[in-house]
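# Examining the three-dimensional arrangement
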Amino acid sequence: MYDRGLSVLEQYGLEAGAVYRGRGALICETQEGLVLIREYWGTPRKLEYQAKLLEKISGASPIWTDQILSNKEGSYISGDNESVSYIVKKWYEGKECDTRNEEEICKGVSALASLHKVMCMPVQSHYVRESLNSEFQRHNQELRKIRKFILGKHRKNPFEQELLDTICSFLGHGEEALQRLESSGYEKLRQQELERGAVCHGEFNQHNILFSAGEVRAVTNFDKWNFDIQVGDLYRFMRKVLEKHQWDQNLGRKILLAYQQVRPLSREEVENLRIRFAYPEKYWKLANYYYTHNKAWISEKNLEKLKRLRDQEEKWRNFAESVFAA
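Residues numbered from 1 in each chain as written. Predicted model: local features only at pLDDT ≥ 70, side-chain atom pairs only at ≥ 80, totals over all residues. Heavy atoms only, no water.

## Digging into the overall build of the protein
Along its length, the protein carries ten helices and twelve strands. A globule of 326 residues ought to have a C-alpha radius of gyration of about 20 Å, and the protein, at 22 Å, matches this closely. Relative to all contacts within the protein whose residues are 6 or more apart in sequence, the contacts with residues 24 or more apart total 74%. Accessible surface, the protein as shown: approximately 16200 Å² in total, 47% of it carbon and sulfur. Of the side-chain charges in the protein, 50 are positive and 47 negative, and the distance between the mean point of each set is 4 Å. (Helix = DSSP H or I, 4+ residues; strand = E, 2+ residues; numbered from the N terminus. Rg over C-alpha atoms; globule rule 2.2 N^0.38 Å. Contact = heavy atoms within 4.5 Å. Areas by Shrake-Rupley, 256 points an atom, 1.4 Å probe, with all protein chains shown as cover. Lys, Arg positive; Asp, Glu negative; His and termini not counted. Charge placed at Lys NZ, Arg CZ, Asp CG, Glu CD.)

Here is the structure:
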């Protein structure tokens, strides 16, 4: 169904020319420029707040973002003949950020810092992200449950044996990170950020940074926005990049510098970044994926990922302790 969703363009007074496939979406040339059409499963209320956020950014930041268009009836959500809900966004030509290119990585994080300076609005309690304390506690409890489950199995496949051999070490890192978080200034920092209405992108990664002529053209896909400490965005972007670069400390420092040249970080924010990096999030994700999915067949790829985490454990720990040292 290559043209699925195209019919909703009539509700915007737009006509489609050339049509391309995007990530789970259609990108169309129209008389008003490029637009993206995508199915929408969220609530109208959150979408309205997202539209307001993007409108604010467009008037206050040099970084372009996708804009959610309203149809002729003033609604951001449009249904087709099969009652499927769609949204239509203003879109841009460009290539995604290359995580092998240090210059593009640093330009991408500079764009994030620029956005963070203007991303704030009155807090809506429904969209406040879970506290880091609660998240760490929940993840640690899940790791303990997974360990108990595997210990109870009479026969263990190679993935389960590797998990069993490593889980105590990584759980120890998780418990240590939680202790450091509880004795830090996290709660005060979080309260300060919520009081000013700080907003996070929620899914800032290389796929959502578009480059044109060597510069950041736009940052897109704010669908997972939330109210939280904004260094959460910086952490998630850095972690994904640095995993690919074997926890290169020099690259980590370059990324931090690129961000701070646009938006300086407070001592409390740097401390919070350090604690986030000390938590074994990637390990938890892999273990939790195993526990919540079909255990009858474990892909060789996931076993390779687990072994890679074990092999990189020392580099990861050294990164967390060295790059954010006072």
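Moving on from the coordinates now.
## Describing the packing of helix α2 (residues 102-116) against helix α6 (residues 231-244)
Where α2 meets α6, the closest approach of the two axes is 11 Å, and the angle between their N-to-C directions is 170°. The orientation of α2 relative to α6 falls into the category roughly antiparallel. Packed against α2, whose contacting residues are I105, V109, L112 and H116, the element α6 presents D233, L234, F237 and V241 at the interface. Partitioned by chemical class, the residues of the contact of α2 with α6 number six nonpolar, one polar and one charged. (Axes fitted to C-alpha atoms, helices over the stretch in contact; angles between N-to-C directions. Parallel < 35°, antiparallel > 145°, perpendicular 65-115°, else oblique. Nonpolar A, V, L, I, M, F, W, Y, C, P; charged D, E, K, R; others polar.)

## Thoughts on the side chain of N226
If you trace the backbone, N226 turns up in strand β12 (residues 226-227). One polar contact links the side chain of N226 to the main-chain carbonyl oxygen of K224, over a distance of 3.1 Å. If we ignore the near neighbours within four places in the chain, the residues touching N226 are Y127, R129, A198, V199, C200 and G202. (Polar contact = N/O pair within 3.5 Å; in protein donor to acceptor, adjacent residues only side chain to side chain.)

## Observations concerning the packing of aromatic side chains
Here the structure, examined in full by the defined rule, presents 16 aromatic pairs. Taking 6.0 Å as the distance between ring centres and 20° as the angle between the ring planes, the aromatic pair formed by F170 and W316 counts as stacked. Placement of F170 in helix α4 (residues 158-182) and of W316 in helix α10 (residues 300-323) is noted, with a sequence separation of 146 residues between them. Each member of the pair, F170 as well as W316, carries the same accessibility label: buried. Each member of the aromatic cluster is reached from another via a ring pair, and the members are Y235, W247, F277, F319 and F324. Just above the ring of W225 sits the side chain of K46; from NZ or CZ to the centre is 5.2 Å. (Phe/Tyr/Trp six-rings, centres within 6.5 Å; stacked < 30°, edge-to-face > 60°. Buried < 20%, exposed > 50% of the residue type's maximum accessible area, 1.4 Å probe, protein only. Lys NZ or Arg CZ within 6 Å of the ring centre and 35° of its normal.)

## Focus: the pairing of strand β3 (residues 33-39)
In terms of burial, β3 is largely enclosed, as five of its seven residues are buried. Where strand β2 (residues 26-30) meets β3, five bridges bridge the pair, whose relative direction is antiparallel. Bridge assignment links T30 to a residue of β3, and that residue is G33. Linking β2 to β3, which pair antiparallel, is a turn of two residues. Two elements, β3 and strand β7 (residues 85-90), share five bridges in a ladder whose sense is antiparallel. Following the sheet pairing, E39 is matched in β7 by Y86. (Pairing = 2+ DSSP bridges.)

## Some remarks on helix α5 (residues 186-195)
Where α5 is concerned, the buried positions are Y186, L189, R190, E193 and L194. Angular distribution of buried residues about the axis of α5 spans 130°; they occupy a single face of the element. Turned more than 90 degrees off the buried face of α5, the exposed positions are K188 and E195. Tucked inside the fold, the buried residues of α5 contact α3 (132-151), α4, β12 and α8 (267-278). G197, located one to two residues past α5, shows a positive phi value of around 70°. (Arc of directions from axis to C-beta.)

## Notes on the nonpolar core
If you look at the biggest cluster of nonpolar residues, it comprises 82 residues, and the most contacted ones within it are L163, L234, L273 and F277. Apart from residues lying up to four places away in sequence, L234 is in contact with V109, L112, L256, Y259, L265 and L273. Ranked by size, the runner-up nonpolar core spans twelve residues in total, among them V8, V35, I37 and Y86. (Core = buried A, V, L, I, M, F, W, Y, C linked by side-chain atoms within 4.5 Å.)

## Comments concerning the pattern of salt bridges
Any two side chains of opposite charge can pair, so long as their charged atoms come close to each other. Under the defined criterion, the tally for this structure stands at 30 salt bridges. Between K89 and D66 there is a salt bridge; the shortest N-O distance is 3.1 Å. Residue K89 is found in strand β7, and its partner D66 is found in the loop between β4 (64-65) and β5 (67-68); the two are separated by 23 residues along the sequence. Residue D66 is classed as buried on the basis of its relative accessible area of 1%. Across the salt bridge formed by E281 and K285, the nearest N and O atoms sit 3.8 Å from each other. (Salt bridge = Lys/Arg side-chain N within 4 Å of Asp/Glu carboxyl O.)

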